[in-house]
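Residues per chain are reported as follows:
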Amino acid sequence: MTFRFSAKFVATAVATFFAACAFAYSVTDAQGTRFDFEKPPRCATVVPAITQNIFAIGAGEYLLANSRYCDFPEEAKRKIKIGGYIDPDYEKIVSLKPDIFILPATADSRVARRLEKLGIKCFVLHGEGIANISADVRMLGKLFDLGKSAEKIAADFDDAVKPVNSGGGRRAFFMFGKMAAGRGTFAGNLLTACGLANCADKIGRPWAEVPREFVLAANPEIIFAECESEKSRAETERFFRTDPVWRTTAAVKNSRICFVPRDTVIVPSVRVAEALKIMRAFLLKN
């Protein structure tokens, strides 16, 4: 009896050991959902910022597919395309059988709900905000078992975006076309990181088309504007200098308009540190 008991005990212990080893590591996403992995998961996403951060930490090999808008870095263009955030190709996604689908936390969870119904697990990162960029990088590092490289990227980013007072508290807008980046947006956070007062914060919405009377009252001293090309830069500058309201602002009168390349600031990834460098260099001269 003793021998039988011992053999059964050993068999149970061995089975328990191998069951525990079946999952090499666990990761909890931003919503508190725990995921167990034997190895780094094959993933897909329709969010350019996520694609950029995945490549930034060296996890590009695990990315099966991304959106038609994911064009940085160059390798991202060669991934299978599965639509966009508002029109994912669910049939193609299912056929690829990714281990997880990575999405940001947003108020609109329709994509996640649809994918879950199709049997695809969604790993959710944080919402918008410059502080969440490095948090997402660290989370992706855990997800793909690349914690060391992810920590370096995240730490370098945190150091790059530490607030400095180069702006001296001056009033500023960050314009994307006719839309201003307000409180809580990553672009608005860049103004704060420069020591500037974001005029758009008083509008009370993250993104808003600025009313003309608001521009007059705010009278920005600095204007940052994204531009895609030299042509769009010239067109935007012409707008500010000829518009009957914008041309009266201190920023336009004193030629304090800084143009930031669209590809560095349109996506909330670690690349926004490049935009911040451009902004601070402009402020040092102006």
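Everything below is about the structure printed above this text.
Residues numbered from 1 in each chain as written. Predicted model: local features only at pLDDT ≥ 70, side-chain atom pairs only at ≥ 80, totals over all residues. Heavy atoms only, no water.

Draft legend 1. Here's a closer look at the overall build of the protein. Scanning the protein from N- to C-terminus turns up 13 helices and 13 strands. Taking 286 residues into account, the globule formula puts the C-alpha radius of gyration at 19 Å, and the protein, at 24 Å, lies well above it. C-alpha atoms of the protein, sized along the principal axes, occupy 95 × 40 × 35 Å. Residue burial in the protein is summarised as follows: out of 286 residues, 45% are buried. Looking at the protein as shown, the accessible area adds up to about 15,200 Å², and 56% of this sits on carbon and sulfur atoms. The average position of the 41 basic charges and that of the 32 acidic charges among the side chains of the protein differ by 2 Å. (Helix = DSSP H or I, 4+ residues; strand = E, 2+ residues; numbered from the N terminus. Rg over C-alpha atoms; globule rule 2.2 N^0.38 Å. Buried < 20%, exposed > 50% of the residue type's maximum accessible area, 1.4 Å probe, protein only. Areas by Shrake-Rupley, 256 points an atom, 1.4 Å probe, with all protein chains shown as cover. Lys, Arg positive; Asp, Glu negative; His and termini not counted. Charge placed at Lys NZ, Arg CZ, Asp CG, Glu CD.)

Draft legend 2. Region of interest: helix 5 (residues 110-117). Taken residue by residue, helix 5 has Val111, Ala112 and Leu115 as its buried positions. Seen along its axis, helix 5 keeps its buried residues to an arc of 95°; they face one direction. Turned more than 90 degrees off the buried face of helix 5, the exposed positions are Arg110 and Lys117. Residues of helix 5 that are buried sit in contact with helix 4 (90-96), strand 6 (100-103) and strand 7 (122-124). Count one or two residues on from helix 5 and you reach Gly119, which has phi positive near 85°. (Arc of directions from axis to C-beta. Contact = heavy atoms within 4.5 Å.)

Draft legend 3. Examining the nonpolar core more closely. Counting residues in each nonpolar core, the largest one holds 67 residues, and the members touching the most others are Phe101, Ile102, Phe144, Phe174 and Phe224. Once residues lying within four places of it in the same chain are set aside, the contact partners of Phe174 are Met179, Ala180, Ala181, Ala187, Leu190, Leu191, Phe224, Ala225, Glu226, Val260, Val265 and Met279. In terms of nonpolar packing, the next biggest core, distinct from the first, is built from 21 residues, Val210, Val245, Trp246 and Val252 among them. (Core = buried A, V, L, I, M, F, W, Y, C linked by side-chain atoms within 4.5 Å.)

Draft legend 4. A look at the side chain of Asp29. You can see Asp29 is positioned in the loop between strand 1 (25-28) and strand 2 (34-37). In this structure the side chain of Asp29 is engaged in a polar contact, spanning 2.9 Å, whose partner is the backbone nitrogen of Thr33. Ignoring any residue separated from it by four or fewer positions in sequence, one finds Asp29 in contact with Phe35, Cys122, Phe123, Val124 and Met139. (Polar contact = N/O pair within 3.5 Å; in protein donor to acceptor, adjacent residues only side chain to side chain.)

Draft legend 5. Fine view of the sheet that holds strand 6. Spatial ordering of the open sheet is given by 5-4-3-6-7, a layout of 5 strands whose pairing is parallel. Both outer strands of the open sheet, strand 5 (80-81) and strand 7, are each paired with one neighbouring strand and no more. For strand 3 (residues 43-44) and strand 4 (residues 63-66), the ladder comprises 2 bridges, and the chain directions are parallel. Opposite Cys43, over in strand 4, you have Leu63 as the bridge partner. Sheet contacts for helix 2 (residues 48-56): strand 3, strand 4 and strand 6; angle to strand 4, the most-contacted strand, approximately 155°. (Pairing = 2+ DSSP bridges. Axes fitted to C-alpha atoms, helices over the stretch in contact; angles between N-to-C directions.)

Draft legend 6. Representation of unusual backbone geometry within the structure. Of note, the amide linkage connecting Phe72 to Pro73 takes the cis form, showing an omega dihedral of -5°. In this structure, Pro73 sits in the loop between strand 4 and helix 3 (74-77). Here the phi dihedral of Asn219 falls at roughly 45°; this positive angle occurs in a residue that is not glycine. With respect to the helices and strands, Asn219 occurs in the loop between helix 9 (212-218) and strand 12 (222-227).

Draft legend 7. Seen up close, the environment of Asn198. Position of Asn198 among the secondary structure elements: in strand 10 (residues 197-198). Here Asn198 falls in the buried class, since its relative accessible area comes to 8%. Counting along the chain gives 106 residues from Asn198 to Lys92, while the straight-line C-alpha distance between them is 42 Å. Among all residues touching Asn198, those that are not within four sequence positions of it are Ala172, Ala181, Gly182, Arg183, Gly188 and Leu191. Polar contacts involving the side chain of Asn198 include one to the main-chain carbonyl oxygen of Ala181, which spans 2.9 Å.

Draft legend 8. Quick peek at helix 2. Burial analysis of helix 2 places 8 of its 9 residues in the buried class, which makes it a mostly covered element. For helix 2, every residue scored as buried is listed here: Pro48, Ala49, Ile50, Thr51, Gln52, Asn53, Ile54 and Phe55. Those residues of helix 2 that are buried are in contact with strand 3, strand 4, helix 3, strand 6 and helix 6 (130-143). Immediately beyond the C-terminal end of helix 2, within one or two residues, lies Gly58, with a positive phi of roughly 85°.

Draft legend 9. Summary view of the environment of Lys202. With respect to the secondary-structure elements, Lys202 resides in the loop between strand 10 and strand 11 (207-209). Owing to a relative accessible area of 75%, Lys202 belongs among the exposed residues under this scheme.

Draft legend 10. Structural detail: the pairing of strand 8 (residues 171-176). Counting buried positions along strand 8 gives 5 out of 6 residues, so the element sits mostly inside the fold. Where strand 8 lies against strand 10, 2 bridges are found, and the strand directions are parallel. Within strand 10, the position partnered with Arg171 by the bridge is Ala197. Inspection of the sheet shows strand 8 paired to strand 12 by 4 bridges, in the parallel sense. Within strand 12, the position partnered with Met175 by the bridge is Ala225. Inspection of the sheet shows strand 8 paired to strand 9 (residues 179-181) by 2 bridges, in the antiparallel sense. Note that in strand 9 the partner of Met175 across the bridge is Ala180.

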